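The chain contents come next:
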Amino acid sequence: TNFYTSPRKYFKKNYGLDIVPVGMLKKIIMIGPSNQTVVRGRLGYILKKGLEPYSMENQIARQVNLPINFNTYVRIDDIKDDFDYIVWATGNNKLPRELNLWTSTFNTYIRIATLIGNFKTSTATAWLNTEYARNGYAYLTPYSKKNATLTLIVNNIVPEELDFYWKEFLDKEHIEYKILETRDVEYIAGTTSPMKLNNIYFVGNSGGLTESCLGCGSINAIESGIITARCIAKKLDYDKLMKKTVNLIKTNHEFRKVLNTFDNNDFDKFVAFLGLPVVKQFIYNNPFFKANNAAQIIKYYNKFVENSI
């Protein structure tokens, strides 16, 4: 989504939805194979996803204040003729794929761990290294002084290989926090077109609204649900209203295609590039930065690499 202010202000102003973050992100440590850079500033918000009362999902559920039936298996063929409108928000691409609406762009397996330790709640850490993440990445995000989430995203592997890459990551980066639990997720980024078929609206992940570069999609998922409701109430064109967001996701994928060609030498150069003052100012501290600046960033990066050879 295009923001000219914070996501929290954006949702509160435009939709009357107030999502309270766990805290403000003020520092990102980016670690490459043999160097690192630190970025400081007002870099965004940290939100908790999960079962906790203060999680993003539970905050939204309280404000929506509607009955929700959990643990119910639904097949589209059983309901498609019984309702005027169906909003499909399953978080996966199974139905769009079955209906030949889905195009995959980036295939990954993800391990998510809950950690216990001592953390600075305003600081996140990200790692880039092909030895344990291939062309993906790992990141640590604290949500309290004692708890954090550690995530490893590895592309183009089979599930059985994830244990190997996880061990490589923990050993190489000397991750020694106590791990409470882990869970593994297959995630395939892609696009759904059209996003509305007959009386079915595809929102969130099922609508292809998670970008393939960093895997961000929560904001798009929330907004797509709200826009779907408005389309149903006012008889508006869902695909038309979502076109700008979809185009931004496609533009963002240009970053991903570049990253997919990187080796560790490239990732070291990339980390150094992200630490340049002009880049920090342009991306991190610029409230007018938009995803469609991707072409400009790639141009700057290519010039940086040429000058460093």
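Before any of the text, the structure's been laid out above.
Below, the structure is looked at part by part. Sequence order as written defines the numbering, with residues in each chain counted from 1. Local features in a predicted model are, by the rule used here, given only for residues with pLDDT of at least 70; side-chain atom pairs are given and counted only at 80 or more, and totals for whole chains, interfaces and linings are based on all residues. Heavy atoms throughout the structure, all of them, feed into the side-chain values; hydrogens and water do not.

Quick look at the pattern of salt bridges
A pair can form between side chains of opposite charge whenever their charged atoms are brought close. For salt bridges, the criterion is a side-chain nitrogen of Lys or Arg within 4 Å of an Asp or Glu carboxyl oxygen. Across all of its chains, the model carries nine salt bridges by this definition. Note that R8 is salt-bridged to D18, the shortest N-O span being 2.8 Å. Residue R8 is found in helix α1 (residues 7-15), and its partner D18 is found in the loop between α1 and β1 (23-31); the two are separated by 10 residues along the sequence. Accessibility here uses a 1.4 Å probe with only protein chains present; expressed as a share of the type maximum, an area under 20% marks a residue as buried, one over 50% as exposed, and anything in between as partly exposed. By relative accessible area, R8 is classed as partly exposed at 30%. Counting from the N terminus, the helices are DSSP H or I runs at least four residues long and the strands are E runs at least two residues long.

Details of the packing of aromatic side chains
Stacked, tilted and edge-to-face are the three classes assigned to paired rings of Phe, Tyr and Trp, where Trp is represented by its six-membered ring and a pair needs centres within 6.5 Å; plane angles under 30 degrees give stacked, over 60 edge-to-face, the rest tilted. Inspection of every chain in the model, using the stated rule, returns 13 aromatic pairs. Taken together, the ring pairs connect W127, Y132, W166 and F169 into an aromatic cluster. For a Lys NZ or an Arg CZ to count as sitting over a ring, it must be within 6 Å of the ring centre and within 35 degrees of the ring normal. Over the ring of Y143 we find K48, and its NZ or CZ is 4.7 Å from the ring centre. A cation sits over an aromatic face here: K196 above Y201, 5.3 Å from the ring centre.

Regarding unusual backbone geometry
Following S193, the chain continues into P194 via a peptide bond in cis, with omega recorded as -5 degrees. Looking at where P194 falls in the secondary structure, it is placed in the loop between β8 (178-192) and β9 (196-197). The phi angle at N100 is positive, at roughly 60 degrees, despite the residue not being glycine. By the element assignment, N100 lies in the loop between α4 (94-98) and β4 (102-116).

Observations concerning the packing of α1 against helix α7 (residues 218-234)
Closest axis-to-axis distance for the α1/α7 pair is 12 Å, and the angle between their directions is 5 degrees. On the basis of the axis angle, α1 is roughly parallel to α7. Contacts between α1 and α7 involve P7, Y10, F11, N14 and Y15 from the former and I219, I222, E223, I226, I227 and R230 from the latter. The class makeup of the residues in the contact of α1 with α7 is eight nonpolar, one polar and two charged. Axis geometry follows a simple rule: fit a line to the C-alpha atoms, using only the stretch in contact for helices, then measure angles between N-to-C directions, giving values from 0 to 180 degrees. Oblique is the label for any angle not covered by the other classes, which are roughly parallel (under 35 degrees), roughly antiparallel (over 145) and roughly perpendicular (65 to 115). Pairs of residues are marked as contacts when any of their non-hydrogen atoms sit within 4.5 Å. When residues are grouped by polarity, Ala, Val, Leu, Ile, Met, Phe, Trp, Tyr, Cys and Pro land in nonpolar, Asp, Glu, Lys and Arg in charged, and all others, Gly among them, in polar.

A short note on the sheet that holds strand β2 (residues 36-46)
Hydrogen bonds between backbone groups are what pair the strands of a sheet, and the pairing can be parallel or antiparallel. Spatially, β2-β1-β5-β6-β7-β4-β8 is the arrangement adopted by the seven strands of the open sheet, whose pairing is mixed. Because the sheet does not close on itself, it has two edges, and the strands there are β2 and β8. Mean inter-strand twist for the sheet, computed between neighbouring axes without regard to direction, equals 20 degrees. Here, strands pair whenever DSSP counts at least two bridges between them. Pairing of β4 with β8 involves 14 bridges; the strand directions are antiparallel. Following the sheet pairing, W102 is matched in β8 by T192. Across the sheet, helix α6 (residues 162-172) lies against β4, β5 (123-127), β6 (137-142), β7 (147-155) and β8, angled at about 125 degrees from β7, the strand it touches most.

Side note on helix α2 (residues 56-64)
Considered for burial, the residues of α2 that qualify are M56, Q59 and I60. Down the axis of α2, the smallest arc covering the buried residues is 95 degrees, so these residues share one side. Those residues of α2 hidden inside the fold are in contact with α7. In this context, the arc is that of the directions from the helix axis out to the C-beta atoms.

Comments concerning α6
When we look at burial in α6, the residues that qualify are L162, Y165, W166, F169 and L170. Along the axis of α6, the buried positions cluster into a sector of 135 degrees, meaning they face one direction only. Where α6 is buried, its residues touch β4, β5, α5 (130-133), β6, β7 and β8. One or two residues past the end of α6 sits H174, with phi positive at roughly 55 degrees.

Considerations on the nonpolar core
Nonpolar cores were defined as sets of buried Ala, Val, Leu, Ile, Met, Phe, Trp, Tyr and Cys residues, with membership established by side-chain atoms within 4.5 Å. One finds L25, L128, L259 and F270 to be the most contacted residues of the largest nonpolar core, which totals 23 residues. For this core, the elements supplying multiple residues, two or more each, are β1, β2, β4, β8, α9 (243-259) and α10 (264-274). Broken down by element, this core gets its largest block of residues, five residues, from α10. Grouped together as the second largest cluster of nonpolar side chains are 22 residues, L140, A148, V154 and I157 included.

Notes on the sheet that holds β9
Pairing is mixed across the open sheet formed by three strands, whose spatial order is β3-β10-β9. Edge positions in the sheet fall to β3 (86-88) and β9, since each of these pairs with one other strand and no more. Examined bridge by bridge, β3 and strand β10 (residues 200-202) share three bridges and lie parallel to one another. Across the sheet, residue V87 finds its bridge partner in β10, namely Y201.

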